Amino acid sequence: PQIKNPKKPDWYRTTLPWMSVGYETALSPLQIATVYNAVANNGKMVKPYLVKEIRRDGKVIEKRETEVMVEKICNETTLKALQKMMLGVVERGTAMNLRNENYSIAGKTGTNQLLDKGGYRKDKHKASFAGYFPANNPQYTCVVVIVEPRNGVYYGGAVAGPVFREIADRVYSTNYRLHPGLEPPIYVQT
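Residues numbered from 1 in each chain as written. Predicted model: local features only at pLDDT ≥ 70, side-chain atom pairs only at ≥ 80, totals over all residues. Heavy atoms only, no water.

Further remarks concern the sheet that holds strand S9 (residues 140–147). With antiparallel pairing, three strands are arranged side by side in an open sheet as S7-S8-S9. In this open sheet, the two edge strands, each paired with only one partner strand, are strand S7 (106–116) and S9. Averaged over all neighbouring strand pairs, the angle between strand axes comes to 20°, with direction disregarded. Bridge count for strand S8 (residues 119–133) against S9 is eight bridges, and the pairing is antiparallel. Pairing of Gly131 across the sheet is with Cys142, part of S9. Strand contacts of helix H3 (residues 76–92): S7 and S8, with the helix running at about 80° to S7, the strand carrying the most contacts. Those strands touched by helix H4 (residues 156–174) are S7, S8 and S9, and its axis lies near 25° from that of S8. (Pairing = 2+ DSSP bridges. Helix = DSSP H or I, 4+ residues; strand = E, 2+ residues; numbered from the N terminus. Axes fitted to C-alpha atoms, helices over the stretch in contact; angles between N-to-C directions. Contact = heavy atoms within 4.5 Å.)

If you want it as structure tokens, here you go:
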């Protein structure tokens, strides 16, 4: 990631407040997903990988082990505040359209102007939603970024949020491990 250093000449009085809302930094979606995954994983940051194992004829020939990069990204108080804030974004914030009765989502919307020829363009945007689900027992982390959305709508919750929700719904509906078990009905003979 590219994060400005206060000791370098490109640090301005406005840098810190702009960084607090995502400007003046450069992070890839994979880097963002790694951080969100660490929050979901109770502070443990693990190295991302796309392939867990390689099989040939049904037999595992290579398996990737989890590699911990940082054991704890922040203290417990900060971590719980982050988790609560991200759940609040979906429950009562800018991503309420992601709420559903089947599982909970935690995350953050993002909307920014695109940098073009040394300045930010008011007519060009990037919309994003980064989060994890189910929020109470995280299994998946996902980041959706839409560059230059159309039709005059460019807010992260309105543009990237529905894409995230569609991905999460499909994963949820096809992964039986995410569904609570059902107890068979008890019949009483009278």
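Here the largest pocket defines a volume of roughly 1200 Å³. Around the largest pocket sit 34 residues that line it, and Val21, Gly22, Thr25, Leu27 and Ile32 are the ones nearest its centre. Looking at the lining of the largest pocket, the elements that each hand over two or more residues are helix H1 (15–20), strand S2 (25–26), helix H2 (29–40), H3, S7, S8 and S9. Ranked by the residues each element gives to the lining of the largest pocket, the list is headed by S7, at eight residues. Taken together, the residues of the lining of the largest pocket sort by class into 22 nonpolar, nine polar and three charged. (1 Å grid on protein atoms, 1.4 Å probe; cavity = no way out; pocket = protein on both sides within 12 Å on 5 of 7 lines; lining within 4 Å. Points joined across faces, edges and corners; volume = space filled by probe spheres on them. Nonpolar A, V, L, I, M, F, W, Y, C, P; charged D, E, K, R; others polar.)

Now for a nonpolar patch on the surface. A grouping of Leu50, Val51, Ile54 and Ile61 is seen on the molecular surface, where their side chains present a nonpolar patch of about 390 Å² in accessible area. Summarising the element assignment, Leu50 is placed in the loop between strand S3 (45–46) and strand S4 (53–56). We classify Leu50 as exposed; its relative accessible area is 83%. (Patch = residues over 30% accessible without salt bridge, like charges linked within 9 Å, V, L, I, M, F, W, Y side chains within 5 Å. Areas by Shrake-Rupley, 256 points an atom, 1.4 Å probe, with all protein chains shown as cover. Salt bridge = Lys/Arg side-chain N within 4 Å of Asp/Glu carboxyl O. Buried < 20%, exposed > 50% of the residue type's maximum accessible area, 1.4 Å probe, protein only.)

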